[in-house]
Amino acid sequence: MPVLQDSYGALASSAVVGVTWATWHLPLFLNATTTHAGWARSQQLLWMVSIFAGSVLWTWMYNSTGGSVLAVAVFHAGINTMGIYHPADRAALVPGGVPDPWLNLLAEVTGAVPLVLVAIILIVVYGGDRLANRDPPTPRDAGLPPADREDAIESVARD
């Protein structure tokens, strides 16, 4: 993230992470033995939208904490837990053992909409360049060497 944000800004970096993350999860839709493969295309699309919204939230969390990967990991675990327990009444989604596609879609909508709304609010409040109330972590903050000679000279001068 620090390298991406240094070149492209927070929102564009979030989009790169979102595409990568969505691609990483794509096999879930292609493997017939997974729950995701049985979802309607609309529900799969909503889940992908929530991945993109999530990438904005994760970037905000990362930048707001000065680059804490632990905070992002805990936040991600919380969102995954929400997905496991939302909606809490699984029997209502599968009345008589037959999945109701409309109820499943509604469950996905009520999970995705809050993520999208929060992502939009973060973009409006903080702007797409930083997505936080502080400067994003730099490659140097992440322990990476400076990208070019001028940065290396400044780095040595500061040390």
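Residues numbered from 1 in each chain as written. Predicted model: local features only at pLDDT ≥ 70, side-chain atom pairs only at ≥ 80, totals over all residues. Heavy atoms only, no water.

### Here we look at the environment of Leu-4
For clarity, the cut-off: A run of DSSP states H or I qualifies as a helix once it reaches four residues; a run of E qualifies as a strand once it reaches two. Both are numbered from the N-terminal end. Only protein chains enter the accessibility calculation, which uses a 1.4 Å probe. A residue is then buried if its area is under 20% of the maximum for its type, exposed if over 50%, and partly exposed in between. Here, residues are in contact when the closest pair of their heavy atoms is within 4.5 Å.
Take Leu-4: it is sitting in helix H1 (residues 2–8). What makes Leu-4 partly exposed here is its relative accessible area of 25%. Setting aside anything within four residues of it in sequence, one finds Leu-4 in contact with Gly-9, Ser-13, Val-16 and Val-17.

### Some remarks on the nonpolar core
The condition that has to hold: In these notes, a set of buried Ala, Val, Leu, Ile, Met, Phe, Trp, Tyr and Cys residues joined through side-chain atoms within 4.5 Å is what counts as a nonpolar core.
Formed by 19 residues in total, the largest nonpolar core has its most connected members in Ile-51 and Leu-57. Put simply, the parts of the chain that give this core at least two residues each are helix H2 (10–25), helix H4 (41–64) and helix H7 (101–126). With nine residues, the top contributor of residues to this core is H4. If we skip the residues at most four places from it in the chain, Leu-57 touches Phe-75, Leu-115, Val-118, Ala-119 and Leu-122.

### Some words on the packing of H4 against H7
This is how the line gets drawn: Helix axes are fitted to C-alpha atoms over the stretch in contact, other axes to C-alpha atoms as well, and angles between N-to-C directions run from 0 to 180 degrees. Angles are sorted into four bins: roughly parallel if under 35 degrees, roughly antiparallel if over 145, roughly perpendicular if 65 to 115, and oblique for all others. Here is the rule for handedness: rotate from the far helix to the near one, and if that takes an anticlockwise turn smaller than a right angle the crossing is left-handed, while a clockwise turn gives right-handed. Asp, Glu, Lys and Arg are counted as charged, while Ala, Val, Leu, Ile, Met, Phe, Trp, Tyr, Cys and Pro are counted as nonpolar; the rest, among them Gly, fall into the polar class.
The geometry of H4 relative to H7 is characterised by a closest axis approach of 8 Å and an angle of 30° between their N-to-C directions. On the basis of their axis angle, the class for H4 and H7 is roughly parallel. Between H4 and H7 lies a crossing of left-handed hand. Contacts from Ser-42, Gln-43, Leu-46, Trp-47, Val-49, Ser-50, Ala-53, Val-56, Leu-57 and Trp-60 of H4 reach H7 at Asn-104, Leu-105, Glu-108, Val-109, Ala-112, Leu-115, Val-116, Val-118, Ala-119, Leu-122, Ile-123 and Tyr-126. Considering only residue class, the contact of H4 with H7 consists of 17 nonpolar, four polar and one charged.

### Section: the pattern of salt bridges
Operational definition: Here, a salt bridge means any side-chain nitrogen of Lys or Arg that lies within 4 Å of a carboxyl oxygen of Asp or Glu.
Under the criterion given, the structure shown has one salt bridge. The residue Arg-130 makes a salt bridge to Asp-135 at a minimum N-O spacing of 3.4 Å. Here Arg-130 falls in the partly exposed class, since its relative accessible area comes to 29%. On the accessibility criterion, Asp-135 (57% relative accessible area) is exposed.

### Observations regarding the environment of Gln-44
As for its placement among the helices and strands, Gln-44 is situated in helix H4. The spacing of Gln-44 and Leu-105 is 61 residues in sequence and 9.2 Å in space, taken between C-alpha atoms.

### Digging into the confidence of the model for the chain
Selection rule: On a range of 0 to 100, pLDDT expresses the predictor's confidence in each residue.
Here the chain averages 84 in pLDDT, while 81% of its residues score no lower than 70. Averaged pLDDT values over the elements of the chain bottom out at 58 in helix H8 (residues 149–158) and peak at 94 in H2.

### Looking at H2
As a reminder, the rule being used: Expected helix span is given by 1.5 Å per residue-to-residue step, counting one fewer step than there are residues.
With 16 residues, H2 extends 22 Å between its outermost C-alpha atoms, agreeing within 8% with the 22 Å of an ideal straight helix rising 1.5 Å per residue. Of the residues making up H2, those classed as buried are Ala-10, Ser-13, Ser-14, Gly-18, Trp-21, Ala-22 and His-25.

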